Amino acid sequence: MTGYRLGRSSATLVACWMVCAAAMALENDTAVARVQRMIVAAKSLDYDGVFIYQHAHTLNTLRVIHRGSGEAERERIISLSGPSREVIREGHRVTVKFAADHAVLVEEQQPGERLNFALLDSPDSLSTRYQFQLENTDRIAGRAAQVVGISARSADRYAYRLWIDEASDLLLKCVILDLNGQTLEAEQFAVVTIGVPPTDESLKSELTGNNFDEYVHEGELIPSVTPISGPSNWRVAWLPIGFAQHRDQTRQPSASRQPVRHFVYSDGLAAVSVFIEKLGGDASPLIGDSNLGAVNIFSRTLAGHQITVVGQMPLATIRQIAASVAPQTPE
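Predicted model only: the values in this text are computed from it and were never measured. (Residues numbered from 1 in each chain as written. Predicted model: local features only at pLDDT ≥ 70, side-chain atom pairs only at ≥ 80, totals over all residues. Heavy atoms only, no water.)

A. Expanded view of the nonpolar core. Within the largest apolar cluster, 39 residues are counted, with the highest numbers of intra-cluster contacts made by Tyr-160, Leu-162, Val-272 and Val-274. When residues of this core are assigned to their parent elements, the largest contribution, five residues, is made by helix α1 (residues 2–44). Among the nonpolar cores identified, the runner-up in size contains 20 residues, and Val-64, Ile-77, Leu-170 and Leu-177 belong to it. (Core = buried A, V, L, I, M, F, W, Y, C linked by side-chain atoms within 4.5 Å. Buried < 20%, exposed > 50% of the residue type's maximum accessible area, 1.4 Å probe, protein only. Helix = DSSP H or I, 4+ residues; strand = E, 2+ residues; numbered from the N terminus.)

B. Broad picture of the pattern of salt bridges. Inspection of the entire model under this criterion finds 18 salt bridges. Of the charged contacts, one joins Arg-74 and Glu-90 as a salt bridge, the two residues approaching to 3.9 Å between their closest N and O atoms. Here Arg-74 is found in strand β3 (residues 74–79), whereas its partner Glu-90 is found in strand β4 (residues 85–90), with 16 residues between them in sequence. Looking at Arg-74, the relative accessible area reads 17%, which means it is buried. Residue classification places Glu-90 among the partly exposed residues on the basis of a relative accessible area of 48%. One continuous salt-bridge network, built from bridges that share partners, spans Arg-34, Arg-37, Glu-166 and Asp-169. (Salt bridge = Lys/Arg side-chain N within 4 Å of Asp/Glu carboxyl O.)

C. Broad picture of the pairing of strand β1 (residues 47–55). Alternating residues of β1 divide into Tyr-47, Gly-49, Phe-51, Tyr-53 and His-55, all buried, and Asp-48, Val-50, Ile-52 and Gln-54, none buried. Bridge count between β1 and strand β11 (residues 183–194): nine bridges; the pairing is antiparallel. The residue bridging Tyr-53 from the neighbouring strand is Glu-187, located in β11. In this sheet, strand β2 (residues 58–67) lies alongside β1 in antiparallel orientation, the contact comprising nine bridges. (Pairing = 2+ DSSP bridges.)

In C-alpha cells, the structure reads:
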C-alpha cells in the first residue's frame, strides 16, 4: 500500500508538472503573438505623440509623427529639448537634421530601435536566445497596456520590458535592463493619438542646413562618401551565439582620413558595430571604454589600427568581441 500511495503521488506530481508546462507554453505563445502584432502595428499604424527618452542621468523629450497607412512608411521625430534636431524617415532611409549651422546625417536604418521596435528575426526564431513572457497590465499615457518581458538566456546580452497598447498593439514604453535588473534606458509616451493619418506637411522638416552624408564613428559624426566595396582583411573571430553579420563595408570619411571598415552584427534584437581604421602618423589612439545608457563602447589598437566596438550589450561582451578582432593575413 505504501508503494501504491507513493506511485499515485508521483503520478499526480508528474501530471501537475505537465499542466504547468502546458500553461507556461501557452503563456509564452501568447507573449510571442503579442510581440508579433506589435511589430506589425509599429509599421502600419498612424500616430502622433510626445515621448520621453531616459538614459544614464539624461532626459530628452521628443515628438514622433508616424504614418503607416500610406504607400510608404514615413516618420518625423522632433527634439523638444536640447539642441534643435529632427529625424526624417522614409522607408529605410533615415535623415537626421540639425539647426542651420549644423550638419545633416543620412544613414540606413539600424537595428535596435525601441519605440519603433522592429526585430530583424521573428520572435519565434529568437526563442533560443530570449524568453518571452506575459507579465502584469499597466497604464501608459492614459492607455491600458500589457507588459511583456524579454529575458536573455545568457549573460552576454540585456533584457527588455515592453508595454504594448491593449487596443492597438502599439509599443507605448520600452525599458532595457542590465544583468541585475536595473534600468539602463527607457522610452515611453507621455501623450499619444492613434489612428489619425498625419498630413504630408506635418512630415516635412522645418530645419535647414547643408545636406551631405555622414555616419557615426566613436560617437562622432563624420562626413562620408559612397561606401567602398571590396573584401576585408579583418575578421571578428568571436560573437555571442545567434549573432550574424548584417553589414560589411568600407567608407572613406574624407581625403585626409584613412578608410574605415564597418561591420554590423545582430542576433535579431541586439546589435553591435565594429569599426576598424588605420592610424595615421599623428593620430592619437583611443584605448579603453565608455558608455551611454545601454550602449557600451570599447576601443583598442592592433597592428597600427584603431578598433572600436559599439553596441547595446554588456561591457564584458563588447570587450570580448573587440579582443577577437584581428587581421586575417599579415599586412
